[in-house]
Amino acid sequence: MAPLPQNPGGHSAVLQQALPPDWPLGNPWLHFITFTIIAIAFGMLMIIAFIYVERRGVARFQIRLGPNRAGPEGLFQAFADLIKLLLKEDIVPARADKLVHLMAPIIATVPALAIFAVVPIFGNGALFADLNVGLLYVVGISSIGVVGVFMAGWGSSNKYALISAMRGVAQMVSYEIPLVLAALGVVLFAGSLSLNTIVDQQGIPYLLLQPLAAVIYFLAMSAETNRSPFDLLEAESEIIAGYHTEYSGMKFALFYVAEYGHAVAASALFSTFFLGGWKGPFLPPVLWLMIKMLVVFFVGFWVRATLPRLRVDQLMGFAWKGLLPLAVINLVITAIEVLFWPTQSMWPLVPVNIVIAVILVLLWSRIFTLGGGKIEVKQGRVEVKGAKTVEVKV
Amino acid sequence: MEVRTEPFVLNLGPHHPSTHGVFRMRVTFDGEVVTDVEPMFGYLHRGIEKLAEGRTYTQIIPLTDRLDYLAAMSNNWGYVMAVEKLAGVPVPERAEYLRVICGELMRIASHALATGFLINELGAFFTPLMYMYREREKILDLFDMLCGQRLTYNYMRIGGVSHDAPPEFFPAVKQFVREMPSYIDEYEGLITTNEIVLSRTKGVGVLPRNLAINASASGPFLRASGVQWDLRRKDPYSIYDRFKFDIPTGQNGDVYDRYWVRINEMRQSVRILEQALADIPKGDHRSRVPHLLRPPVGEVYGHIEAPRGELGYYLVSDNSIAPYRFHVRPATMINLTTLRELAVGWKLADLIVIFGSIDVVLGEIDR
Amino acid sequence: MTVALSGKVVAEELSKAMPGAVVSSDEKCLLVDGASVREVGEWLKTSQYVFDYLANLTSVDYVDFFEVIYNLVSLRHNHSLTLKTRCYERENPSVPSMTPVWRGAELQEREVYDLMGISFEGHPNLKRILLWEGFAGHPLRRDYL
């Protein structure tokens, strides 16, 4: 076996590469510590903001007032909830797999915050690490969250949690594919996997240049973050609280943070990919990003407050039969456009792509069926047509 | 190659967000597909039938409130009607009208809640439920005005009702009746043609017509299967023969039809309310009945069309002040007979929706 | 209006088809022999009366005997009949189950079994329904205090 190729510059070269050129303090580690704190602080702040906006916003949809007692207009409700959860008894089910049960919330939470490492928050280059494989990093990290979900479902020794975990794995794996394929359209236009470059290249927001990819990305992102109508993991009316049924106290709080953390990260990524990230006139870049994230999130909970949930087979059908072919077609069309369209005049491409998107969506809504339905059950077992029974030796 | 899997048994309930109280289903799953369901109940059993044997006929009325607590007026009504039939007590005209008004308001409130919960079980995040709570709240306010109670009314009396309506009651009901159709339109606009609602409910949990009749299904559950059977029309009790209304019936007997029947019954209830409010006469609200009523020896089966189905009371009198036997026909318990047939072969999510479409109230099932 | 059929009229027809099944009859009800109640049920369902709907099933403890009451309705002809049967044994009272004829009897018979202690022969799943397994006695009996 040949030896692995060594990185010529060694460890520090990698660090230097990720460091923005105008960093004043020189030491890369100082940069990382500073931006870790800033990224986590930004993430937590946005999580609290999202919780507040969603609780008050959904309340408005539902002709209620929402929490308005703790602090002015209920601003401190999230903190009150957090204190309550911190002080609660920590219960571990007697037959739980203790280690897995304890680790699951951490594994579910960390990736949500780790995504902010590559999201340009404060303007051009002002981020933790300008990875040239930023998109790959995002996809990889955000998939780790599902491991936490699965660990929670498995480790809790609860049947509802187990069902939820199984649904979670199937859902995440399925929706990852259209998600990435939709993002690839953006990558083709920007010519880079780095999130910083993607924002930098967006003279026209990619929402206009890639409308179909934006729709697919938004739907797949909703499924990835378990938002309605794809919230099968936490389908309250079916499986109680899903994978975190058996969690209480701080561990539950971590799952709560993870849920909203994923929503925050997904909104940030959507804003970065399609809405021009931190770009915008007059206001400071970070405010623009926050506004865009809130707009994306608003659409998310608008849907949540409006639509019922899909069934599990319909959910899978939607991913494989609905989103995946559309994403592939979109990718092909985008590739052709990037190859042959002159890069100087992108604006005429906007109406063309919008028309293509509308036609494709309408066409697909005609030929796409959700499928599913009643399944024949004989003698207490699901009947599978054409299946042969094979003895599995254990 | 088929991988051998274990079917697994899940105790859905008694503590579960969508079992409408303390209902338990022992469900066997193969993957997510339901292969067996067994309903189990009795967690709310208070022995009301036994308790009633030790109380006078009037004292039983508050007990009936606690049966179907989401339609307490209807329970009152069914019981006092059975006693009136048994003892031959006349009911003044005005009281009959007040009873019809209460019964139909109760039906709207109950159906609104049933529909709201059904959509909630489909996974809509409480929004439809909150919209329907809004109208139920108004009806509860009306009942509050009428008898000072919001959930357990104890309003009907043998031979009439406990109080005549206060003067402000009728304008308030009239206003409610004026507004209600637009609210029903609002529900329909939000739900009836929603793509996800359609794909989740059409063809799900089909109860064939013959099975529905054979299994003694009743109420909207029966009518959704295409049986035009409404006691208000087929066996008109009280003064229902005076009103014009239609009986909405479904065609396929699926979850969607049950939803559709309930929504349309709300519209018909509004129609009945309009007519009742226009015709209500002046007069006594209660006939003279001895405090300790001793009905003659005999037995009677009185039934009304309660929101959830045929609510029957079987009373046996031995000419004493308390009934010798007091039996309630629980409509929703009997509707649960076919739960297994409806749910087997569907997924967990469908099981919840099918169960929700039956619209059970555990107070009535367990008694 | 649902017409309550006279028990006497039905009893006449019934005794032509099944002699010996009718015990007594009056204007309000039809009392039949306990052993043949299921056959009577099937006859009522399939004869010209078409009692396709079992509205209510209950039981009364008259101390000397138990009475099981079936309130039958015909959705086709819109008429009704009260069918009764008696069971004179106190220790192990038993009546044939109506569940094979009307599915609607299933849970109601379980309830009667649970609270009154009358067992129904031929019931597919006869066990306690409201009370828990192992509960001593049957609360709706008059001698249960």
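Residues numbered from 1 in each chain as written. Chains lettered and ligands numbered in written order. Predicted model: local features only at pLDDT ≥ 70, side-chain atom pairs only at ≥ 80, totals over all residues.

1. Focus: the overall build of chain B
Along its length, chain B carries 15 helices and 8 strands. Taken over the C-alpha trace, chain B has a radius of gyration of 21 Å; the compact-globule value for 367 residues is 21 Å, and the two agree within 12%. Its C-alpha atoms give chain B principal-axis dimensions of roughly 80 × 45 × 35 Å. A fraction of 70% describes how many contacts in chain B between residues 6 or more apart in sequence connect residues 24 or more apart. (Helix = DSSP H or I, 4+ residues; strand = E, 2+ residues; numbered from the N terminus. Rg over C-alpha atoms; globule rule 2.2 N^0.38 Å. Contact = placed C-beta atoms within 7 Å.)

2. Regarding the overall build of chain C
Regarding its fold elements, chain C presents 3 helices and 8 strands. Reading the secondary structure of chain C in the N-to-C direction produces β-α-β-β-α-β-β-β-β-α-β. Over its C-alpha trace chain C gives a radius of gyration of 15 Å, about what one expects of a compact globule, namely 15 Å for 145 residues. Taking the principal axes of its C-alpha atoms as reference, chain C extends roughly 45 × 25 × 25 Å. Buried positions account for 48% of the 145 residues belonging to chain C. (Buried ≥ 20, exposed ≤ 12 C-beta atoms within 10 Å, placed from the backbone.)

3. Some words on the pairing of strand E8 (residues 325-329) of chain B
All names here are of chain B. Judged by how many residues are buried, E8 sits mostly within the fold: 5 of 5 residues are covered. Neither face of E8 is open: one carries Arg 325, His 327 and Arg 329, the other Phe 326 and Val 328, and all of them are buried. As paired strands, strand E7 (residues 309-317) and E8 are joined by 5 bridges and run antiparallel to one another. The partner of Val 316 across the bridge, within E8, is Arg 325. (Pairing = 2+ DSSP bridges.)

4. Topic: the interface of chain B and chain C
Opposite the 28 residues of chain B that make contact, chain C presents 25 residues. Among the elements that take part in the side of chain B that touches chain C, E7 of chain B stands out by supplying 4 residues, more than any other. Grouping the constituent residues of the side of chain B that touches chain C by class yields 11 nonpolar, 9 polar and 8 charged. (Nonpolar A, V, L, I, M, F, W, Y, C, P; charged D, E, K, R; others polar.)

5. A short note on the sheet that holds E7 of chain B
All names here are of chain B. Strand order in the open sheet formed by 3 strands is E6-E7-E8, and the pairing between neighbours is antiparallel. Only two strands of the sheet have a single neighbouring strand rather than two, namely strand E6 (298-306) and E8. Within the sheet, the average angular offset between the axes of one strand and its neighbour, ignoring direction, is 15 degrees. Relative to the sheet, helix H3 (residues 72-87) contacts E6 and E7, its axis offset from that of E6 by approximately 150 degrees. (Axes fitted to C-alpha atoms, helices over the stretch in contact; angles between N-to-C directions.)

6. Some thoughts on the interface of chain A and chain B
Opposite the 40 residues of chain A that make contact, chain B presents 41 residues. Of all the secondary structure elements, the ones that give two or more residues to the side of chain A that touches chain B are helix H2 (28-61), helix H6 (159-190), helix H10 (236-239), helix H12 (285-306), helix H13 (312-340) and strand E2 (381-382) of chain A. Taken together, the residues that form the side of chain A that touches chain B break down as 20 nonpolar, 8 polar and 12 charged.

7. Thoughts on the sheet that holds strand E3 (residues 33-40) of chain B
Residues and elements named next belong to chain B. One open sheet accounts for 3 strands, arranged E1-E2-E3; its pairing is antiparallel. Each edge of the open sheet is held by one strand with a lone partner, namely strand E1 (8-12) and E3. Strand-to-strand twist in this sheet, taken as the mean axis angle between neighbours without regard to direction, amounts to 20 degrees. Sheet topology places strand E2 (residues 24-30) next to E3; 7 bridges connect them, and they run antiparallel. Looking at E3, one finds that Thr 28 is bridged to Asp 36.

8. Topic: the nonpolar core
Generally speaking, nonpolar side chains in soluble globular proteins are found buried as a group. Judged by nonpolar contacts, the single largest core of 267 residues is most densely connected at Ile 216, Tyr 217, Ala 220 and Phe 270 of chain A together with Val 34 and Leu 351 of chain B. Leu 351 of chain B has contacts with Val 27, Val 34, Val 37, Ala 343 and Trp 346 of chain B, leaving out every residue within four places of it along the chain. (Core = buried A, V, L, I, M, F, W, Y, C linked by C-beta atoms within 7 Å.)

9. Points about the packing of helix H4 (residues 93-121) of chain B against helix H14 (residues 348-358) of chain B
The relative placement of two packed helices is expressed as an angle between their axes plus a distance between the axes. All names here are of chain B. Running from N to C, H4 and H14 point in directions that differ by 180 degrees, and their axes come no closer than 9 Å. Looking at the two axes, H4 sits roughly antiparallel to H14. In contact with Phe 117, Leu 118 and Glu 121 of H4, H14 contributes Ile 352, Val 353, Gly 356 and Ser 357. Class assignment of the residues belonging to the contact of H4 with H14 gives a composition of 4 nonpolar, 2 polar and 1 charged. (Parallel < 35°, antiparallel > 145°, perpendicular 65-115°, else oblique.)

10. Structural notes on H6 of chain A
All names here are of chain A. In a regular helix each residue adds 1.5 Å, so 32 residues correspond to 46 Å; H6 covers 46 Å between its end C-alpha atoms and thus fits that length. Of all the bends in H6, the greatest, near 25 degrees, is centred on Glu 176, and the proline Pro 178 appears no more than four residues after it. Downstream of H6 by a residue or two, Gly 191 has a phi angle that is positive, lying close to 75 degrees. (Expected span 1.5 Å × (residues − 1). Bend = angle between axes of the 7 residues up to and from the residue.)

11. Some thoughts on the environment of Val 60 of chain C
All names here are of chain C. For Val 60, the location among the structural elements is in strand E4 (residues 53-61). Residue Val 60 is classed as buried on the basis of its C-beta count, with 20 C-beta atoms lying within 10 Å. In this structure the C-alpha to C-alpha distance between Val 60 and Val 112, which are 52 residues apart in sequence, comes to 9.4 Å.

12. A look at the confidence of the model for chain C
A residue-level look at chain C finds 100% of positions with pLDDT of 70 or above and a mean pLDDT of 86. As scored by the predictor, the complex reaches a pTM of 0.87 and an ipTM of 0.89. (pLDDT = per-residue confidence, 0-100.)

13. Things to note about H13 of chain A
Compared with an ideal rise of 1.5 Å per residue, which puts 29 residues at 42 Å, H13 of chain A spans 41 Å between its outermost C-alpha atoms and is within 8% of the ideal. Along H13 of chain A, the largest kink reaches about 35 degrees and is centred on Leu 323 of chain A; proline Pro 325 of chain A follows within four residues of it. Every buried residue of H13 of chain A is listed here: Val 312, Gln 314, Leu 315, Met 316, Phe 318, Ala 319, Gly 322, Leu 323, Leu 326, Ala 327, Asn 330 and Thr 334 of chain A. Those residues of H13 of chain A that are buried lie in contact with H6, helix H9 (211-224) and helix H14 (349-367) of chain A together with helix H7 (195-201) and H14 of chain B.

14. Describing the packing of helix H4 (residues 98-114) of chain A against helix H11 (residues 249-274) of chain A
Residue and element names in this part refer to chain A. For the pair H4 and H11, interaxial distance at closest approach is 8 Å and the crossing angle is 25 degrees. Overall, the two elements H4 and H11 adopt an arrangement that is roughly parallel. At the point where H4 passes H11, the crossing takes the left-handed sense. Listed contacts from H11 to Pro 105, Ile 106, Ala 108, Thr 109, Ala 112 and Leu 113 of H4 are Lys 251, Leu 254, Phe 255, Val 257, Ala 258, Gly 261, His 262 and Ala 265. Looking at side-chain class alone, the contact of H4 with H11 contains 10 nonpolar, 3 polar and 1 charged residues. (Left-handed = near helix turned anticlockwise from the far one by under 90°.)

15. Side note on the environment of Ser 216 of chain B
Looking at the element boundaries, Ser 216 of chain B is found in the loop between helix H8 (209-214) and helix H9 (220-223). Given 29 C-beta atoms within 10 Å, Ser 216 of chain B falls into the buried group. For the pair Ser 216 of chain B and Thr 338 of chain B, spaced 122 residues apart in sequence, the C-alpha separation works out to 9.7 Å. Once you skip the residues sitting within four places of it in the chain, Ser 216 of chain B turns out to touch Ile 334 of chain B together with Tyr 53, Leu 54, Ala 55, Trp 102 and Gly 104 of chain C.

16. As for the environment of Thr 338 of chain B
Residues and elements named next belong to chain B. Residue position: Thr 338 is located in the loop between helix H12 (331-335) and helix H13 (339-343). Taking the C-beta count within 10 Å as the criterion, Thr 338 has 24 such neighbours and is therefore assigned buried. Along the primary structure Thr 338 and Asn 319 are separated by 19 residues, whereas in three dimensions their C-alpha atoms are 39 Å apart. Not counting the four nearest positions on each side in its chain, Thr 338 is found in contact with Leu 207, Leu 211, Ala 215 and Ala 217.

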